[in-house]
Amino acid sequence: MTVFNGKGVYGAVALGKISVFKRKEATVKRYHIEDVSAEKERLAAAKEKAVAQLQEIYDKALKEVGEANAQIFEIHMMMIEDDDYNESIDNIIEKQKLNSEYAVAVTADNFAEMFASMDDAYMKARSADVKDISNRIIACLSDENAEESGGGEKVIICADDLAPSETVLLDKDKVLAFVTAFGSSNSHTAILARNMNIPAIIGVGKEFLDAVKDGMFAAVDGYTGEVFIEPDEETIARIEKKKTEDENKKRLLQELKGKENVTLDGTKINIFANIGSVANVGAVLANDAGGVGLFRSEFLYLESEDFPTEEQQFLAYKKVLESMAGKKVIIRTLDIGADKQVDYFGLEKEDNPALGYRAIRICLTRPDIFKTQLRALYRASNYGNLGIMFPMITSVSELEKIKQICSEVREELNTEGIPVSDSVELGIMIETPAAAVISDRLAPMVDFFSVGTNDLTQYTLACDRQNAAIEQFVDTHHEAILRLIELSAKNAHEHGAWIGICGELAADTSLTETFLKMGIDELSVSPTFVLKVRDAVRHIDLTK
Ligand code: PEP
Ligand code: MG
């Protein structure tokens, strides 16, 4: 048995086989072939496999995110059958007697360049699609004889690190646990793991990746941050015992369903849930959350191959609002950039992405993107109880511009005769020290604040949330952070706004009493933490 130590970012345990996460390599070899018809058969088989994969993804997306969002995979299937595209590939194989991977890659480059040079925005966007389908075919060409690792069995995913877009695309039904060599506990990958309710350990070190292979048996303890490779019987028994204890605890928490979030002295607070996709709404309801306190809408963009259209977004937001049946749903506008990168945005590489062109900064300089999202949100507002929230605010003038654009969008919809709810609340995230410090100026302009402690911690302590090397300097309970939250709460209430916390700290029950004493009105946490926080609230006496 070998033991590796990292940092547990979701307390739970797992036992199972390892699957090492493989990133598709972009390098394609070029070599001459002898038998053209055998090569074309190999290509045909790979294309068939690619289409079957896309069909599977389409079916899954249809179920999880609806037809409008799933459509792109249908388009991809059609692109694989496109005559011009196939003629170009066949030509290279037949005339130059070169291998399929190379023929597909060259064709992809030519077509992508051709699409990119077109004026029409829709055709321009097809450039990324042709690359995507070609990469899929190339992957199928090289995987042809590879065995499916683990088959349908659930596995422990081991990786160097995972980008949010990679995590989002993993088949959640097949993941037992995450273990990454690098990564930090406030990263979006860690947040996703918590949302998925599975044990996750980060920062186990590079040696870990050298030691693990597909199919090895492992035990993961998300409480202690330990990973045991080929564990001995005693370890297996210990982890199994913890698993049973977890199940018992979960059962006890289930008894809190339907109960109020009220302290011993009668103070009520809202406990809402954070989600990243429409599919997470099931977990929100199953855990009896009072609403959605943060819908990270950027995941719609991350899951998509191209800018989601107004209609696609409208359908997604409407679905969440309808499913929540009148309960509050706070949708945060696009927070892309920094660690959440999307190719089709074409963002420049930056030296300091966390301090760079992200979130509201993109929205305010790309009103086309922002207005599309706002139109979709306001259209959806008629189907439930919507709050719109803006990320990364640092100044009054940003908020003035945002409110101006919101008014324009409402006006436009009015003129078009599209109904919009009168009771859409507008709020901002307090996730920069600047916003907290001027919260007295911002509060009169909004209905609510929601404290994003993940970024507030990063910016207050000057600790990049992606940088695992400085984890030891990240004191999430730092007095400076708590004072900024307290100040924001005071200023919110003085100006008639309410205040919640939607960063990861909201689920830290060692701070629940502190937050309630500050006057925090709402805590928004991963769906799986709702009942745990309810339990904490019900044990607090604010008079003591
Ligand atoms: C935060 O910063 O605390 C937050 C909730 O937003 P995100 O984690 O998506 O940046
Ligand atoms: Mg944030």
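Residues numbered from 1 in each chain as written. Chains lettered and ligands numbered in written order. Predicted model: local features only at pLDDT ≥ 70, side-chain atom pairs only at ≥ 80, totals over all residues. Heavy atoms only, no water.

Caption draft 1: Inspection of the pattern of salt bridges at higher detail. Under the definition given, this model contains 30 salt bridges. Two residues, K7 and E471, come together in a salt bridge whose shortest N-O distance is 3.0 Å. Here K7, found in strand β2 (residues 7–10), pairs with E471, found in the loop between α18 (453–461) and α19 (479–494); they are 464 residues apart in sequence, far enough to count as distant. Between K371 and E408 there is a salt bridge, and its shortest N-O distance comes to 3.1 Å. Taken together, the residues span a long stretch of sequence, with K371 in helix α14 (residues 367–380) and E408 in helix α15 (residues 396–415) at a distance of 37 residues. Take E408: its relative accessible area is 31%, and that puts it in the partly exposed class. Residues participating in the shared-partner salt-bridge network are E310, E311, K371, R375, R379, E408, E412 and E416. (Salt bridge = Lys/Arg side-chain N within 4 Å of Asp/Glu carboxyl O. Helix = DSSP H or I, 4+ residues; strand = E, 2+ residues; numbered from the N terminus. Buried < 20%, exposed > 50% of the residue type's maximum accessible area, 1.4 Å probe, protein only.)

Caption draft 2: Representation of the coordination of the magnesium ion (ligand 2) within the structure. The coordination sphere of the magnesium ion (ligand 2), as far as protein atoms go, consists of E431 (OE) and D455 (OD), spread over 2.0 to 2.1 Å. Taken together, the residues span a long stretch of sequence, with E431 in the loop between β13 (425–430) and α16 (433–437) and D455 in helix α18 at a distance of 24 residues. The burial state of E431 is the same as that of D455; both residues are buried. (Donors = N, O, S within 2.8 Å, 3.2 Å for Na, K, Ca; no water.)

Caption draft 3: Quick look at the pairing of strand β9 (residues 270–275). For β9, the tally of buried residues reaches five of six residues, placing the bulk of the element in the interior. As defined by bridge partners, β9 adjoins strand β16 (residues 522–525) across four bridges and the pair is classed as parallel. Across the sheet, N270 pairs through a bridge with E522, a residue of β16. Here three bridges tie β9 to strand β10 (residues 291–296), and the two strands are oriented parallel to one another. Looking at the pairing, I275 lines up with F295 of β10. For the handedness criterion, the β-α-β arrangement of β9, helix α10 (residues 281–286) and β10 is classed as right-handed. (Pairing = 2+ DSSP bridges. Right-handed = clockwise from strand over helix to strand, strands pointing away.)

Caption draft 4: Fine view of the state of the cysteines. Scanning the entire structure with this criterion turns up zero disulfides. C406 provides the cysteine sulfur closest to C363, a residue in no disulfide bond, and the two sulfurs are 10 Å apart. Since its relative accessible area comes to 0%, C363 is described here as buried. (Disulfide = S-S within 2.5 Å.)

Caption draft 5: Structural view of the packing of aromatic side chains. In the structure shown here, the tally under the stated rule is 11 aromatic pairs. For the ring pair F295 and Y317, a centre distance of 6.2 Å and an interplane angle of 85° mean the geometry is edge-to-face. One end of the pair, F295, is in strand β10; the other, Y317, is in helix α12 (residues 310–323), with 22 residues separating them in the sequence. Here the aromatic cluster, defined as three or more aromatic residues joined through ring pairs, consists of Y301, F307, Y344 and F345. Sitting over the face of the ring of Y102, R30 holds its NZ or CZ atom 5.3 Å from the ring centroid. Sitting above the plane of the Y383 ring, K318 keeps its charged end 5.0 Å from the centroid. (Phe/Tyr/Trp six-rings, centres within 6.5 Å; stacked < 30°, edge-to-face > 60°. Lys NZ or Arg CZ within 6 Å of the ring centre and 35° of its normal.)

Caption draft 6: Local environment of the side chain of Q373. On the secondary structure map, Q373 appears in helix α14. In terms of polar contacts, Q373 uses its side chain to reach the backbone amide nitrogen of L334, at 2.9 Å. If we skip the residues at most four places from it in the chain, Q373 touches S297, Y301, Q313, Y317, R332, T333 and L334. (Polar contact = N/O pair within 3.5 Å; in protein donor to acceptor, adjacent residues only side chain to side chain. Contact = heavy atoms within 4.5 Å.)

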